[in-house]
Amino acid sequence: MSRAALVVIDVQESFRQRPIWAHGSNPDIVGQVGRLVDAARRRGDLVVWVLHAEPGSGTVFDPASGHVRLIDGLAARPDEPTLVKTAHNAFTTTNLQQILTTAGVRDLTVCGIRTEQCVETTTRVGCDLGYRMTFVTDATMTFPTPHRDLPADASLAEILADPRTLSNEEMIARTEYALAGRFATVRTVDEVTGLVPAGAGA
């Protein structure tokens, strides 16, 4: 029975197909996630992969597009579950909790794409469900976030030029502030993989 698990959220080709990918916070997201996965496997922890899908949307998140798959460089083993969600958090529309309960997991580490959205909401729900959550910030990725009043069809150039757009750094700082000590322990990849002592990379 595993007592710990790593959940990798939305590190999928869909995001690489969007123009804003080049402005993401973490160009080495695949490498950082890969380090976490390797460490989890060495420890014998459960690794769960989660993909986001929007069936029938005609977007890069529509399974028909062929992009709802892990980014090259990452691959699930046959014994590692791959779930497909249709909500932001990884619990609501999947059987993730059942998988974790069956495996006896109490400690849950999360990483993935959209620091402040899918990874954060999964962290909050996991905490509410009683898991001890670890949020690995430098194994997440986010993008400049437009103001809510900006038109939905605004171009990438307009988003980047708008002074109300929140930068990657602002989004990450706000997310860490909201989660740390409340919903999760915030750690770095080096800390989780044992390269540096816990707390040294904060």
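Since the model is a prediction, treat every value here as computed from it, not as a measurement. (Residues numbered from 1 in each chain as written. Predicted model: local features only at pLDDT ≥ 70, side-chain atom pairs only at ≥ 80, totals over all residues. Heavy atoms only, no water.)

Peer 1: So what about the pattern of salt bridges? Which residues, and what values?
Peer 2: Counted by the stated rule, this structure contains 10 salt bridges. Asp-162 is the partner of Arg-164 in a salt bridge, and the nearest nitrogen-oxygen pair spans 2.9 Å. A relative accessible area of 39% places Arg-164 in the partly exposed class. Judged by relative accessible area, Asp-162 falls into the buried class, the value being 11%. (Salt bridge = Lys/Arg side-chain N within 4 Å of Asp/Glu carboxyl O. Buried < 20%, exposed > 50% of the residue type's maximum accessible area, 1.4 Å probe, protein only.)

Peer 1: Could you give me a rundown of unusual backbone geometry, with the residues and numbers involved?
Peer 2: Positive phi, close to 65°, is recorded for Asp-10, a residue that is not glycine. Here Asp-10 lies in the loop between strand S1 (4-9) and helix H1 (13-16). Positioned with a positive phi, Arg-114 is a non-glycine residue whose angle comes to about 75°. In this structure, Arg-114 sits in the loop between strand S4 (107-113) and helix H4 (115-128). (Helix = DSSP H or I, 4+ residues; strand = E, 2+ residues; numbered from the N terminus.)

Peer 1: An account of the nonpolar core is needed here, citing residue identities and associated values.
Peer 2: Formed by 28 residues in total, the largest nonpolar core has its most connected members in Val-8, Val-11, Trp-21, Val-33, Leu-36 and Ile-113. When residues of this core are traced back to their parent elements, those giving at least two are S1, helix H2 (29-43), strand S2 (46-52), S4, strand S5 (132-141) and helix H7 (189-193). Among the elements that line this core, the one with the most residues is H2, at 5 residues. Not counting residues up to four positions away in its chain, the partners in contact with Val-8 are Val-33, Val-37, Val-48, Trp-49, Val-50 and Cys-111. Ranked by size, the runner-up nonpolar core spans 23 residues in total, among them Leu-46, Ala-90, Phe-91 and Leu-96. (Core = buried A, V, L, I, M, F, W, Y, C linked by side-chain atoms within 4.5 Å. Contact = heavy atoms within 4.5 Å.)

Peer 1: Break down the state of the cysteines for me, citing the residues and quoting the values.
Peer 2: Inspection of the entire model under this criterion finds 0 disulfides. For Cys-111, which is in no disulfide, the shortest distance to another cysteine sulfur is to Cys-118 and amounts to 13 Å. Here Cys-127 is not disulfide-linked; the sulfur of Cys-111 is the nearest cysteine sulfur, at 18 Å. (Disulfide = S-S within 2.5 Å.)

Peer 1: Go over the sheet that holds S5, please, and point to the residues and values.
Peer 2: With respect to topology, 6 strands assemble into an open sheet ordered S3-S2-S1-S4-S5-S6, the strand pairing being parallel. In the strand order of this sheet, the two ends are held by strand S3 (82-85) and strand S6 (185-187), each with one partner. Averaged over all pairs of adjacent strands, the angle between strand axes in this sheet comes to 25°, irrespective of strand direction. Here S1 pairs with S2 via 5 bridges, running parallel. In the sheet register, Val-8 faces S2, and the bridge partner there is Trp-49. (Pairing = 2+ DSSP bridges. Axes fitted to C-alpha atoms, helices over the stretch in contact; angles between N-to-C directions.)

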